[in-house]
Amino acid sequence: MDILSYTFMQRAFLAGLIVALMCPLIGMFIVIKRQSMLGDGLGHIAFAGVTGASLLKVYPPLGAVILTVLSAMGIELVRRYQKQYADMIMALFFYAGLALAIVFSTMVKMPSTGLLNFLFGSILTVTMTDIYGIGVVAIVVGIIMKFVYHSLMLTSFDEEIARTVGINVNRVNMIFAILTALVVVMGMTVVGILLISALMIVPVASAHLWKRGFKETWGIATVYSVLSVVGGLCSAFWLDFAPGGTIVLTAIGLYVITFFVNLVKCR
């Protein structure tokens, strides 16, 4: 318990647990929609927002929120009219975001360490201001998800049936795209822009191995996510490793263990 005697670790655990609860909430629907690369791509765009905001002397996370949300809305609008090219449309946005990030990073005077913190996470340096911001986003995402949960679930499984029962599919998909963008930006301080998608997908993938119902799978995924964050932070503290990497490696390790456990059970 000595680990909790350090103030920076207390803040790290608090921020990490909030993100750990939010990521499976969005990740469940990303997996059902078969859009597993969405979080990764929006992460690239978020990096462009960070570097662009630094260039304009604006608070970097604010720039990341604005650009990522606008891009998520743009992706959804274009995808709506060119569904057969959905993957290609997402790729165009993602590559544009990555290219902008490269250009802005060469123009901005932001220290390289600052850029690396956004890329790979800087959970050990989070401030109370960061935690308040993460908390506000988490509350907003949680409240909105409560109201659109049933519509989003039906839309994720079958859009045609959802339209038949009177659900505004376009609006639900747009809301989900915005929520995904918010969670990506919220999680970038924990595991970094390059790894946030892993925290949304890997715990859900582990939970799916148990072959349970939707709500049970969601609950199991949340447990995996929390264990990944706690285990990753402890490993980073004791081994002096980068927290973002240890969190994701812990999540992948739990997936491998779960896979072999279920493999043995099937035999």
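To be clear, the structure that these remarks concern was listed above.
Let me sum up the structure you'll find in this document. All of these numbers come straight from a predicted model, not from anything done at the bench.

A few points about a nonpolar patch on the surface
Together, Leu56, Val58, Tyr59, Leu62, Ile66 and Leu70 make up an exposed nonpolar region whose accessible area comes to about 590 Å². With respect to the helices and strands, the residue leucine 70 is situated in helix H3 (residues 60-81). Given the relative accessible area of 52%, leucine 70 is considered exposed.

Details of the pattern of salt bridges
Within this structure, the stated rule accounts for 3 salt bridges. Across the pair glutamate 159 and arginine 163 runs a salt bridge whose closest N-O atoms are separated by 3.8 Å. With glutamate 159 and arginine 163 both in helix H7 (residues 159-164) and 4 residues apart, this pair spans about one turn of that helix. Close ionic contact of arginine 163 with glutamate 160 constitutes a salt bridge, the shortest N to O distance being 3.5 Å. Of the two residues, arginine 163 and glutamate 160 are both situated in helix H7; the distance of 3 residues between them amounts to about one turn of the helix. Judged by relative accessible area, which is 34%, arginine 163 ranks as partly exposed. Overlapping salt bridges bring together Glu159, Glu160 and Arg163 as one network.

Concerning the state of the cysteines
Evaluated as defined, the whole model comprises 0 disulfides. Residue cysteine 23 stays outside any disulfide, its sulfur separated by 18 Å from that of cysteine 234, the closest cysteine. Of the residues examined, cysteine 23 reaches a relative accessible area of 0% and is grouped as buried. A residue is classified by how much of its surface remains accessible, and cysteine 234, at 13% relative accessible area, is buried.

About the cut-offs
Residues numbered from 1 in each chain as written. Predicted model: local features only at pLDDT ≥ 70, side-chain atom pairs only at ≥ 80, totals over all residues. Heavy atoms only, no water. Patch = residues over 30% accessible without salt bridge, like charges linked within 9 Å, V, L, I, M, F, W, Y side chains within 5 Å. Areas by Shrake-Rupley, 256 points an atom, 1.4 Å probe, with all protein chains shown as cover. Salt bridge = Lys/Arg side-chain N within 4 Å of Asp/Glu carboxyl O. Helix = DSSP H or I, 4+ residues; strand = E, 2+ residues; numbered from the N terminus. Buried < 20%, exposed > 50% of the residue type's maximum accessible area, 1.4 Å probe, protein only. Disulfide = S-S within 2.5 Å.

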